[in-house]
Amino acid sequence: MSSRMFRALQHPNYRLWAAGALVSNVGTWMQRVAQDWLVLTQLTAHDGAAVGITTGLQFLPILILGPYAGVLGDRLDKRKLLLGTQSAMGLLALLQGVLVLTGTVQLWHVYAIALALGVASAFDAPPRQAFVSELVGRTDVPNAVALNSASFNLARLAGPGVAGLLIGLIGTGWVFMLNAATFLGVLISLTRLDVGALHRTPPLPRGKGQIVAGIKYVRTQPRIMLIMIMAALVGTFTLNFQITNALMAADVFHTGADAYGLLGSIQAIGTLAGALLAARRRQPRLSLLVASAVGLGVASMVAAAMPTYVAYAVVLVFVGVSALTFLNSANTIVQLTTEPQYRGRVLALYMAVIQGGTPIGSPLVGWLANVAGTRWSVLAGGVAALVAGAIGIWALMRWGEGTFRDQLRAAWAARRAEQAATGTLPVLAPAPSADRSSAAHDADRSPFVASSPAVGPSVPGRKVSGTTESDTAASPQRFAGAPATGSLPSGVLRSAAIRGAAARRRDVTPLP
């Protein structure tokens, strides 16, 4: 099981990248805590709106520049592009540290640096996400994405707590300086990669209308469109924890910087656990994405009602698990269902909706905290996640056969059957009986299973990479993840289980 959970680390290039990214991510989380605490307690009198504006400025550029950055990610060498963006962000962290240490920092300085960091991040995020597939190849992309999340959240586990302690000991200025130094980790790892072992895709030639072509491609993909809508709601109104945690720590529980940093570390326990669970999955399903959105909404609303600091911190663990499961599922499904020549642009659009809504959501969250109280800002984020989950449930029921409950039951049964087939489950759950060819055809029609870029979304009769759906139905082995011989793919089992569950609810015999 451990080899399956960490199989992406078998690639030497990925090991180098992961080590450098972990060091850099620790510094990034330290800077986020220091920046929010600087604005909240030193440059303003606990002004939540100012913190929201700072965060919003940092994410505004990706909303505007993200699509163009995606084109550059498809057109240029991703490794060289990342060397430039990471260097720029390191220099900006150094500048902010110098301003604080010399006592000349003002609020507008923080705003300007946050905006500049946002520009660098806008050109960094799409190629960094797409670079994962070049490090490991398509087969291990789901595991690599999950391990990236684990690394990021391991840094989140350590970074805020360390930042809180260091702010109390040496001040915010030295925290910024330490973050600038951590960028050396990722820069060294990028320069030491074995370029010949990268799984590169052919660069996109220059041409007109490439951004529009990427948008049109997304509009033809129902799974990706659903993810974009749900991610926009969650990213804009729910994923504002660095603001809400700071406000809850300072204004509701009346604690200091160390307690605020500890909240981030406690929440990271949940996100790290979610990342490790994700690393065990071969491919996430849309039903898991929707369930995690609902779980995130419920957990956030419960957190808003917690009466004490300790109770709030405990609930943050569950918030972290559900948030990471949502983000990891969305990222992996988008990468696996996107054709390689569009991957940079599609990931840029995804990053734009998941992070680009922050310039709208963060000031609103801060304003709502000032007007109605901090707890209401946390509650509003939970409601937004529930709305995203409701949209997902509606889409799954419209596309599928049977209720959302049927789909979750079928997904669980298929997972247990897959575990039993691989010897990871002692007792084999009864698998639904279905004709192989017809079940394969049903699975090909289902929008729930993340198909490979070669197969793409299921549209009857559509020509995809030299084959039609009838060709795929006749050869089940050509499904992503299907074994060469032996048992059916998990997607086939799950599709058949969905049909059977739906038919039992209608008291009719399932169609072959």
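Since we're looking at a predicted model, the values are computed, not measured. (Residues numbered from 1 in each chain as written. Predicted model: local features only at pLDDT ≥ 70, side-chain atom pairs only at ≥ 80, totals over all residues. Heavy atoms only, no water.)

Looking only at helices and strands, the protein features 20 helices and zero strands. Going through the 512 residues of the protein one by one, you find that 56% of them count as buried. Across the protein, contacts joining residues at least 24 apart in sequence account for 84% of those joining residues at least 6 apart. Total accessible area on the protein stands at roughly 20600 Å², and carbon and sulfur atoms take up 66% of it. (Helix = DSSP H or I, 4+ residues; strand = E, 2+ residues; numbered from the N terminus. Buried < 20%, exposed > 50% of the residue type's maximum accessible area, 1.4 Å probe, protein only. Contact = heavy atoms within 4.5 Å. Areas by Shrake-Rupley, 256 points an atom, 1.4 Å probe, with all protein chains shown as cover.)

Tracing the backbone shows aspartate 140 in the loop between helix H5 (107–136) and helix H6 (141–170). Non-local contacts of aspartate 140, meaning those with residues more than four positions away in its chain, are made with Arg7, Ala8 and His11.

Turning our eyes to something else, we now look at a nonpolar patch on the surface. A grouping of Leu101, Leu165, Leu169, Ile170, Trp174 and Leu178 is seen on the molecular surface, where their side chains present a nonpolar patch of about 610 Å² in accessible area. Looking at the nonpolar patch, the elements that each hand over two or more residues are H6 and helix H7 (172–191). Take the nonpolar patch: its biggest share by element is three residues, from H6. Within the fold, leucine 178 resides in helix H7. (Patch = residues over 30% accessible without salt bridge, like charges linked within 9 Å, V, L, I, M, F, W, Y side chains within 5 Å. Salt bridge = Lys/Arg side-chain N within 4 Å of Asp/Glu carboxyl O.)

Moving on: the pattern of salt bridges. For the structure shown, the criterion picks out two salt bridges. The shortest N-O distance in the salt bridge between glutamate 134 and lysine 78 comes to 3.2 Å. With a gap of 56 residues between them, glutamate 134 in helix H5 and lysine 78 in helix H4 (residues 78–101) connect regions that are remote in the sequence. We classify glutamate 134 as buried; its relative accessible area is 6%. Exposure remark for lysine 78: the relative accessible area of 7% places this residue in the buried category. In this structure, the salt-bridge partner of aspartate 124 is arginine 128, at a minimum N-O distance of 2.6 Å. You can see aspartate 124 and its partner arginine 128 sitting in helix H5, four residues apart, about one turn around the helix. Among the residues examined, arginine 128 registers a relative accessible area of 28% and is labelled partly exposed.

How two helices pack is summed up by the angle between their axes together with the distance between the axes. Packing of helix H10 (residues 241–252) against helix H16 (residues 374–399) leaves a shortest axis separation of 9 Å and a crossing angle of 155°. One finds that H10 runs roughly antiparallel with respect to H16. In this structure, the crossing between H10 and H16 has a hand that is left-handed. On H16, the residues touching Thr244, Leu247, Met248, Asp251 and Val252 of H10 are Thr374, Arg375, Ser377 and Val378. Class assignment of the residues belonging to the contact of H10 with H16 gives a composition of four nonpolar, three polar and two charged. (Axes fitted to C-alpha atoms, helices over the stretch in contact; angles between N-to-C directions. Parallel < 35°, antiparallel > 145°, perpendicular 65-115°, else oblique. Left-handed = near helix turned anticlockwise from the far one by under 90°. Nonpolar A, V, L, I, M, F, W, Y, C, P; charged D, E, K, R; others polar.)

What follows is about the environment of valine 145. Looking at the secondary structure, you find valine 145 in helix H6. By relative accessible area, which is 6% here, valine 145 ends up buried. Counting along the chain gives 13 residues from valine 145 to valine 132, while the straight-line C-alpha distance between them is 7.2 Å. Apart from the residues lying within four places of it in its own chain, the contact partners of valine 145 are Val132, Asn328, Asn331, Thr332 and Gln335.

Attention shifts here to the packing of helix H2 (residues 12–43) against H7. In contact at an axis separation of 8 Å, H2 and H7 are set at 160° when each is read in the N-to-C sense. Taken together, the axis directions place H2 and H7 in an arrangement best described as roughly antiparallel. Crossing angle aside, the handedness with which H2 passes H7 is left-handed. Looking at the contact of H2 with H7, its residues break down into twelve nonpolar, twelve polar and no charged.

What follows is about the confidence of the model for the protein. Scored by pLDDT, the protein comes out at a mean of 77, with 76% of its residues at no less than 70. Least confident of the elements in the protein is helix H19 (residues 469–474), whose mean pLDDT is 37; most confident is helix H12 (residues 286–304), at 94. Below pLDDT 50 for its whole length, residues 431–496 participates in 116 contacts with residues either more than four positions away or in separate chains. Taken as a whole, residues 501–512 scores under 50 in pLDDT and shows 14 contacts with residues more than four places along the chain or in a different chain. (pLDDT = per-residue confidence, 0-100.)

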